[in-house]
Amino acid sequence: QSLQTAQYSSTSQAVSSMWKQGGMRSFFPLGGISIQMVRDIPYAIFTLLSYEFIKENWVLKRSVDDPNNRWLRDMAAGATSGGIGSYLTNPMDVIKTRLQTSSALYGGSITTCTAAVLEEGGPAAFMRGSVPRLMHKIPANGCFFLFYEFFRRVLRCEDIHAE
């Protein structure tokens, strides 16, 4: 995070400075790894489940009548599911960002950070940054699932359905 905010001019300078200042803990700040999982695991669940639902109920059904545009539906389903996952987990992303950039301010505590965000701006504060995040995640997931499905077809991977 510090390298992304231009606090250091190079990766080697960042690593060296961080090591001198705090040793191994600099690379794994309090709250940093745990909040990353608190955000990423639900994000993956929401994104993948919504993608499978959209694929099953829209992409595959529409592709029977119009197989030529399957790639477009794969992309739309991926973009939509990425948007769903991102939007639903934005509150965790707000907490993650604060803990990774100002962990000491909250004592590395997810609970303390959450309470501070709520007190600072009410429930709406948990949606800060959602528009830029969606502007990144929607097209990224659209491309990801487009290529995921493309390579599934190229490699002849087949869905296994219990009958």
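Enquirer: Which parts of the structure should I look at to understand a nonpolar patch on the surface?
Expert: Where nonpolar side chains cluster on the molecular surface, the patch consists of I33, M37, I41, I45, F46, L49, I84, Y87 and L88 and spans about 840 Å² of accessible area. Listed by contribution, the elements that provide at least two residues to the nonpolar patch are α2 (32-65) and α3 (70-88). The dominant element in the nonpolar patch, judged by the number of residues it contributes, is α2, at six residues. With respect to the element layout, L49 can be found in helix α2. Owing to a relative accessible area of 58%, L49 belongs among the exposed residues under this scheme.

Enquirer: What's the story with α3 in this structure? I'm lost.
Expert: In an α-helix, one turn spans 3.6 residues; hence positions three or four apart end up facing the same way. The terminal C-alpha atoms of α3 lie 27 Å apart, and with 19 residues this matches the ideal 27 Å at 1.5 Å per residue to within 8%. All of the buried residues along α3 are R70, R73, D74, A77, G78, A79, S81, G82, G83, G85 and S86.

Enquirer: What should I look at first to understand the side chain of S130 in this one?
Expert: Positionally, S130 belongs in helix α6 (residues 130-154). In terms of polar contacts, S130 uses its side chain to reach the backbone carbonyl oxygen of M127, at 2.9 Å.

Cut-offs applied
Residues numbered from 1 in each chain as written. Predicted model: local features only at pLDDT ≥ 70, side-chain atom pairs only at ≥ 80, totals over all residues. Heavy atoms only, no water. Patch = residues over 30% accessible without salt bridge, like charges linked within 9 Å, V, L, I, M, F, W, Y side chains within 5 Å. Areas by Shrake-Rupley, 256 points an atom, 1.4 Å probe, with all protein chains shown as cover. Salt bridge = Lys/Arg side-chain N within 4 Å of Asp/Glu carboxyl O. Helix = DSSP H or I, 4+ residues; strand = E, 2+ residues; numbered from the N terminus. Buried < 20%, exposed > 50% of the residue type's maximum accessible area, 1.4 Å probe, protein only. Expected span 1.5 Å × (residues − 1). Polar contact = N/O pair within 3.5 Å; in protein donor to acceptor, adjacent residues only side chain to side chain.

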